[in-house]
Structures are given as structure tokens and as C-alpha cells.
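# Results of the structural survey
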Amino acid sequence: MSVIGDRRVDPGLSRNRPHGNVGVLRIAVVVLFLVLGGRLVQMQLVDGAEYAERSELNRIIVESVPPTRGLIFDRNGQPLVQNSGSFTALITPGFLPEEPGSRYRLYLYLEDLLGIPALQIEEAVTAAEERGQRDLPLPIARALDRETALMLEQVAADLPGVTLSVEPRRVYPGGPEFSHILGYVGPQSPDEWRVLQEDGYAYNEVVGKVGVEARYESALRGNPGTSITEVDAQGDLITTIERTDPEGGRGILLSIDSDLQRYVYELLINTMGEATTAAAVVMSPVTGEIYAIVSVPTYDNNIFSLPDPAEEYKALLNDPRIPLLHQALSPIAPGSTFKIITAAAALQEGNVTRYTRRDVDSSVLEFIGEDGQPYYFYDWRVHGDIDLVEAISWSSNIYFYMASCGIPQEGIAGLGSNTEQSAIVLGYYARSFGLGQVTGLDIASTESPGVIPSPEWKRRVRSGPLFNPEDRDWYLADTCFMGIGQGDVTATPLQIAVATAAIANGGYLLEPYVTRQILGPDGTLLSTTEPSRERVPVDEEHLAVIRQGMRQSVIDGAARLAALPDTLVAGKTGTAEFIDPEDGETKDRAWFTGFAPYNNPQVVVTVFYDLGVGGTKAAPTAADIMGYFLEHVEP
Amino acid sequence: MSRFGVEGSLRAWDRFDAILALTALALVGYGLVLIYSGSLGSYDGPTASLENPVVRQGLFALIAIGAMFIISRFDYHVLLHYAWWLYGASILLLLVLIPIGQTDFGSTRWFALGPIQFQPSEFAKIATIVLLARFLSEQGGDARDLRVLGGSLAITAPVLLLVFIQPDLGTTIIFAAIWLGMVVVAGIQRRHMLFFGAVFLAVLPFLWTFTVADYQIERISVLFDAEEDPLDAGYNPIQSQIAVGSGQLLGKGLTNGEQTQLDFLKVKTKDFIFSVLGEELGFVGAMALFALFILLLMRGIRAAQIAGDIPGQLIAAGIVITILMQAYINIAVNLSIFPVTGLPLPFVSQGGSSLLTLFLGLGIIQSIVMRHRAYRQF
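Residues numbered from 1 in each chain as written. Chains lettered and ligands numbered in written order. Predicted model: local features only at pLDDT ≥ 70, side-chain atom pairs only at ≥ 80, totals over all residues.

Time to look at the overall build of chain B. The helix and strand inventory of chain B stands at 16 helices and three strands. Residues classed as buried in chain B amount to 54% of the 378 residues present. When contacts within chain B are restricted to residue pairs at least 6 apart in sequence, those whose partners lie at least 24 apart make up 74%. (Helix = DSSP H or I, 4+ residues; strand = E, 2+ residues; numbered from the N terminus. Buried ≥ 20, exposed ≤ 12 C-beta atoms within 10 Å, placed from the backbone. Contact = placed C-beta atoms within 7 Å.)

Let us now look at the packing of helix α12 (residues 339–349) of chain A against helix α19 (residues 540–556) of chain A. Residues and elements named next belong to chain A. α19 packs onto α12 with a crossing angle of 145° between their chain directions and a minimal axis gap of 9 Å. Here the hand of the crossing between α12 and α19 comes out right-handed. Across the interface between the two elements, I340, A343, A344, L347 and Q348 from α12 touch H542, L543, V545, I546, G549 and M550 from α19. Across the contact of α12 with α19, the residue classes break down as eight nonpolar, three polar and no charged. (Axes fitted to C-alpha atoms, helices over the stretch in contact; angles between N-to-C directions. Left-handed = near helix turned anticlockwise from the far one by under 90°. Nonpolar A, V, L, I, M, F, W, Y, C, P; charged D, E, K, R; others polar.)

Cis geometry is found at the peptide bond from A:V296 to A:P297, where omega equals 0°. Among the structural elements, A:P297 can be located in the loop between β12 (290–296) and α11 (310–318). The linkage connecting A:A596 with the following residue, A:P597, adopts the cis geometry, with an omega of -15°. Mapping A:P597 onto the fold places it in the loop between β22 (586–596) and β23 (603–609). The phi angle at B:S336 is positive, at roughly 60°, despite the residue not being glycine. In this structure, B:S336 sits in the loop between α14 (310–334) and α15 (352–370). Take B:S336: there are 17 C-beta atoms within 10 Å of it, and that puts it in the partly exposed class. In the Ramachandran plot, B:F347 falls in the positive-phi region, its phi being about 70° despite a non-glycine side chain. Considering the arrangement of structural elements, one finds B:F347 in the loop between α14 and α15.

This part takes up the environment of B:G351. Residues and elements named next belong to chain B. Inspection of the secondary structure puts G351 in the loop between α14 and α15. The class for G351 is buried, based on 23 C-beta atoms found within 10 Å. Contact partners of G351, with chain neighbours within four places excluded, come to K270 and P344.

Residues and elements named next belong to chain A. The five strands lie next to each other as β12-β11-β23-β22-β21, forming an open sheet whose pairing is antiparallel. Lying at the two open borders of the sheet, with one neighbouring strand each, are β12 and β21 (570–579). Across the sheet, the axes of successive neighbouring strands diverge by a mean angle of 10°, strand direction being ignored. The strands touched by α19 are β21 and β22; relative to β21, the strand with the most contacts, the crossing angle is about 80°. Its contacts with the sheet place helix α20 (residues 614–632) against β11 (278–283), β12, β21, β22 and β23, and it is angled at close to 30° to β22. (Pairing = 2+ DSSP bridges.)

As C-alpha cells, then:
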């Protein structure tokens, strides 16, 4: 140690015994460790249990395992929906390489693979980072095709931060003619989520929005499984603690015949002419099952499983023909098809019999109104001296005025003791045949009940500042027009089909349905829809008279064009007048409702066009549909 | 000349502070146990292997203890004599670091010397302590004079700034604490203290805006330097809080902590080793660690108390302050009462160069303790 020698530093000669503030150090040690100790007491002893719980949550993941959604088939087992995958490329900014150069190389690579410009990706990632969403997967390309998705999946392992997500998607291969029946699925609305989360729905799970998809949501969805796993910080599985497998959704076998549905759809399109909307219902008068139910125009329900349907959806909403509206479930004046109900009411009430005659020697009938003034009610032609069967056959308006409101100036009574009573009685029968209320068709849709007016209804609806007091009164004309399916009466094509079925099957009001069977995930039959029927308050002998009139109409009446060579068809035309709000002209809506074969009804067909004459436009279409049905469809 | 010779120090061996050395060894042992538990997930090789972090740390500890004994044999006045040279060398090393050092997540702190990482700031701590001790003692060991105070600040400021721009917030604070602690021991006047306190408080908002208002990345790397925090600035604090808190009174048992073993904790044999302790050994285990640290630091303060001369006292004080602040900041980070900054827990965290520096410091303290009578009799 001699190296130090004389050159050693002077150790502070002024004081040979240092006495600096060493005590301050002791205080510092004690104070700092007290701070740490205090914090430990708070974290470990006071809040320890809470942290212990968070530690559990940290590693125990309880996940719902989504079930595979059930499929929907037509009556012959043709699939109408497929489950497919929707592939999305995701970037989690927090896992990207830190170094800007290698980041950009990764973007360039993705540009090659996905066709998304690298600069655009960079912008999106930067924006997400600035929002502080470093750990949230950011979608950069949606709806990838299968090949690209597979390629991305292969390389994603070597691209830090890049992942591929596969989400289930519904594909409807049948075409737009099935959209109104099937409906579509979509993300839950906040309101739906509030209800559905109690059934164990995940917030991002899709749910049926309309149609069969919505009506049979619980069956189609199946039951989700659960998996409870212990994971490490990377989210990698350590052990599976518990797992219950999901139970796949049920299959649904519709009563719809997809070939018939397509045939009817194309037939309506091809025969529309000037009409803008059309509808047709083909149903069984025996069970109530629907073979085809078509609404024109329609929409493509596949657009709702696109990642961003906004554009297409907007176009649909802006279409003046309202393609989203189911025309067969939308009420409109039924016109003369309603006469079959008026006939049933009059026969049952006895104010008219099969043989009651009326000489319609003029197409004008003068009524004396409540105010003493004459009113002129028109028929569409001079029918001559006719009985009830001929009146149905030729669709005489004047005969049915007589049958419903009576002809007071001739002392002929209507359905009731007075004008209002007549309307109430007719309304009772109309409701008995299913009008004025929803049919209960098992399609979640905007089915409207339509209107069967009554004096009470009129007083209620016509009140308010927009109406005069006399608008609220019920007049003779109200009852008369109601008797021929005009005025305030509205009904949907489906309601008219159900009413026709009740006449065809001898008096049973059926609840129509499109779902025939529910199948287990493995295809086993779980349940079959039991037809539900209710007796209408009209005797069979009276219904036989109406059937005879409808048969006569096809043989030699207004519905001649509905005839088929090999089958006895019965039917009733309807030509409902309306005033076009655009040009103020009086125009016609075309209706036809009928059944076949006459002696053993197997099918009811109701056809509607929003423009046209029933006998020349709707009747031939119905004949084609019946012909196709009897040849191709197994009831 | 015998008091500088080997005989002198031989006579002094009975004054060697065995309690100080054994406490340090106990801390290292505690650390080995925690490193073992913390490395179970990442190391699955044979027990007797140089790859095993426990074995490595044990070997480094042996080397470091050897170094302590060697240093304690030398008279600390050698260091004082070369104080300016040591100081100059550390400034140079810190400057050289700027262009050629290793950068991790935006922070440049160390050189790679083959397999060994060398952190110039570790070296600079000792050099600064020694130079401050020499400077203050040359001025009569008295910091009451504002000129002396200014001089000591001028010595500290360059290293402090060079560390700050690395950036290394934790070490910057340690340098500030070294300076403050040493001038306090040297008898700073209360009004000067107040003055510096006021200046510090006045400058703080500027520092804050400067670091926060700048681009986010810079903020993270300066304030919450991202070296140990690559995932996201909030991740590690949350996970270490959960780990420590969930340990409760007795802990989950060694190797049984889910936060530790399932990898929710990061750098768990180094910066977050205290969280491993908190989770697996609980409040009781933490109190045991605190007791060891307090004992060690009190023995260091004792050395300052009995030191034979002013530079000895100041050096001992500086080393005590370094260990205290490093332990405090590290544990405070683990308890989320301090922003994440890459400081190891002294004696406990895995890391050879840190261990070596710490035991060198203890060696210097031993040297001071062993010679306190010799200089007192001067």
C-alpha cells in the first residue's frame, strides 16, 4: 500500500472526528420503509381479498361456446340456408413489431395478400393507436374469400399482430323469392341484447330478425356450451377445467315447396304487366300448411350478412314499392272475394236463401239515403234475373247489396234489423272467417290484421279535428259497400286464402303455418306441427251453396279463365276499385281466390295484383298455379 | 507508515462488520429462492447448469463477495486519491454510450462486453459518491457555504443529465438523492435546503409539460420508460398490483403464485421480483425482507457514524443512500406508487453487474469500518 504514500488525500484535518447529520439517514430509512409497509398493509391486508379475486379472474376464463345454427329445408328436404364462414383479417397494434421498418414491410406483405394499400393499413393502425386501442383487434379487411383466408391463416403465425377471424354467416342459396319467408339474421339491437343476455347470448351473437329465422330463433339457435379454462398471460390454454359441448340448433322443415314457390314467383313477375306489387298464397284447406307464399317485389336477404349492408339497405328502404313489406300479409280492399263471406252470413242468417232471386234488370239501383236524397249504386253489368249461385258466379253487386244491407225502399231486410245491425252481423261473420285479425302465420313479420269496420269503429277512427261530425255516422252505404268488400274493409291475401279454405273444407277456420316439422341437429324428427282448426258458425249446407257458386263462376261466370282441363276448379274473382292518388283516376285491383279439386279440395290459391281486373288477370294465374300444384306437389 | 500497510488492515479484520456482510448474504439468498420460483416457467434445464439463473446468480454472488473482501483490504483513500480520474472516466463512458450503447425500447443504458452487460451509470454512482466525498471534505466537510454547495451540485449535474437523457428516470432520481443525502450529512443549511426545494418545485411543472406534451412515445420512454414494459404502459403495474395484493397475509406459497407461474408478471426475476415475493410469501415475507434491508442500511449508517474521517463518513452515507433509494424505488414500482422504471431490487434481483457493484460498495464500507480507529487517531 506504499503506493499511496505521501500523495494520499488529506482526510480532513479540521475535524478528526466527523459528526455530520447521520441521524437524518436513519430517519429516511424508517420513513421510506414505513411508506412501503403502509402501502403493503393496504394492498395485502385491507384489499387482499379483492386482489385475490382479480387474480382468479385473470386466469380463469369462462366462455360460451356458440352452437351451430340450425338449417331450414323446404318440404322436400331442399336446404334453403347454409352456414358459412365470414373471414376477417385483424391487426392488433400492440403486437406489431416496434420497429417502423419491419412494421411497414408487414403492411406491404398484407397489401400483396389482401389488396389493401399499405398506407391505408398504416393509417388505420396509427389512428387506432392514437385512440389508445393498442390491444383491440382492428379489422382491416372483411369478407375475404376462402382462398385468401386460408393463405392468411397460414402466414399469420409468422406475422406478429395479424390474425384471421372466422365468424359464422348465413347464406341463403334459394334466391330472393324465399327472403320474405326465411327472413335474415343480424346483430342484436341494444333492446334485444337486454333481453337475450339473460338467455346466455353473447353480445356479438347474431339473432333472427324477421321471418322464420326470427320466429324460430330459440329452436334454430340451439344451446351454447360452456368452457371453463385456465390460461396464462398469453391466453394460452393451461388446463380445461370444465367443458359442456354446445347443442346444435334444430333443423326446420318447412311446408313450402321450393319449386312451387319459385314457379309462383316467376309467374307473378311475368304476369304483372302494369302492376307494381303482387302476392299469392297457396295453402292446404285440409291442414292449413302453406305450400307457397309469394310477395313481389322482394329483396335479397343475403345482403344482411354482408359486412356492411348500409348501402343496399338504404336502397331497399328508399324503394317506393317497399320490397321489405310482405304483400301477402298486407291488408287491402278485398273487393268481390269478400262476397263469399257476405253469402255465408246471409245464408246462415236466413235473409237470403239459395233460391232467393233478384231481377238485376239495370246496372243502377236507386237507394234513398238517410237524408232522403236518392243515391245510385252500380253493378258492373245487367245480370238479369239471378239466384244466389248465379250472383256469386257473376259477382253481382246489387244482389249482394240486397244480401247485406237489404233494399229498404222495397221492404227487403238486410242481415240485421237495421243498417248498423246489418253491419255488425256481417262483421261478426267476417271475423269468424279470420278477417280483421292476424292469422298467426309462423313468420315473424309485419302481418296486419286489416279492418272489418263497424259503427263503433267508425266513430272511434273518424274522431278528431280532421273529420266532420257527420263523418262519424254510419250510413246505409257503409253496410252496402262492406257487403261487396269495398269501403273500409281491408284484408290480406293470406286472410282471403284462409277464409276460402274454410269454405272449401266444410267450415273449419285453419291457422296457417309454414313450419311443418322440427328436426334435431342429427336430423331426427322432434315434432310435427299439429293443424289447429276452429269451426266457423256457418252450416255445411250453406257452405256447399257458396262452393257451388264458385264452381259455377269457373264453369260459366266471371272466373272462367281459372278453368283447368283435367280438374274441377272453383273460385271467386275480385276487382276492387280504388282511386289512384297520383292521377285521381278510378283503377282496379285484381283478386282471385279459389280451390281445387271442387269435390275434394286439396289446394287453395289466392292471387292479388295491385293493378288489373280479377277475372282476366288474377284468374288465369291462379289456374296455372293450381295446375302446377296438382301435377308437381305431393300434398 | 504501518497504518497504511497490510498489518494495519490485518489488525482491522476483527473490526470487519460481519453483521453487514451476513445481512447482505441473507438478501442474496432470499433473492435466489425468488429467482428459482420466478424462473420456473422460463427455465426447465438441468439444475446444475450455468444456464440455470439460480446457479448463475449464485456464482455471481460468490465473485461479488470475493470482490468485497478484496476491496475491504484496500484503504478507501486510494479511491479518494483517484476520485477525479474515476469521475472523468465515468463521464467519458456515459458520453461514449450515446453513439454506441445498446438500445432497448428507446433507452440506451449499457454496453455489451461479450456476455457481460456493463452499465456505466453503476460505475458513475461510485465515482460520483467518492468525488463528492472528496470535494466536500476538502472544503472542510462543510456544506454550509453556498459556494461548496454549488460546487457539489456542479459535480453531480453532468452525470445526472447524461443519465436523464438515456433516458433512465430511476437512476436520475438516485443521483439526485445521492447529492441531496450527502450534502445533508455534510450539514447543509436549512435555508439552502428550502431554496433548492423551491427551485425544484418551480422547475417540476416545466419538466412535466416537456415530457408529457411531447409525442406519446417519448413520454412513455422518458417518464414510464418502456424498457420492461413492451406490452402497454398499464399492463405491468396492474399485474404486479394483483400479484402483491392477492398474496395477502401469508402468500400463496413458494412456486404457487398464479400471477408468477402463469406468466402474468413480466421480468419477474429482475424488476418485478418483489411482486413474486408479495404473491407467494405474502405480507409476512415482505416484512422479513424489509427487516433485512433495514438491518443492512442501519449497519451502513453505523459505518458512517463511526467513520474515522469525513470522506469515509460521506462515502458510507452515499452508498447507504444508493441502496436505500434503489430498494425504495424498485418496491414502490412494484406497489404502483411510482412509474415503471427499470431499477433492480438491490441484492435480490437477478443480475451479475448490479450484484458486483453492490458488493463493491459494501467492500468500501467495510474498508471504512475497519480503518475507523486508524484515522481517528490521526
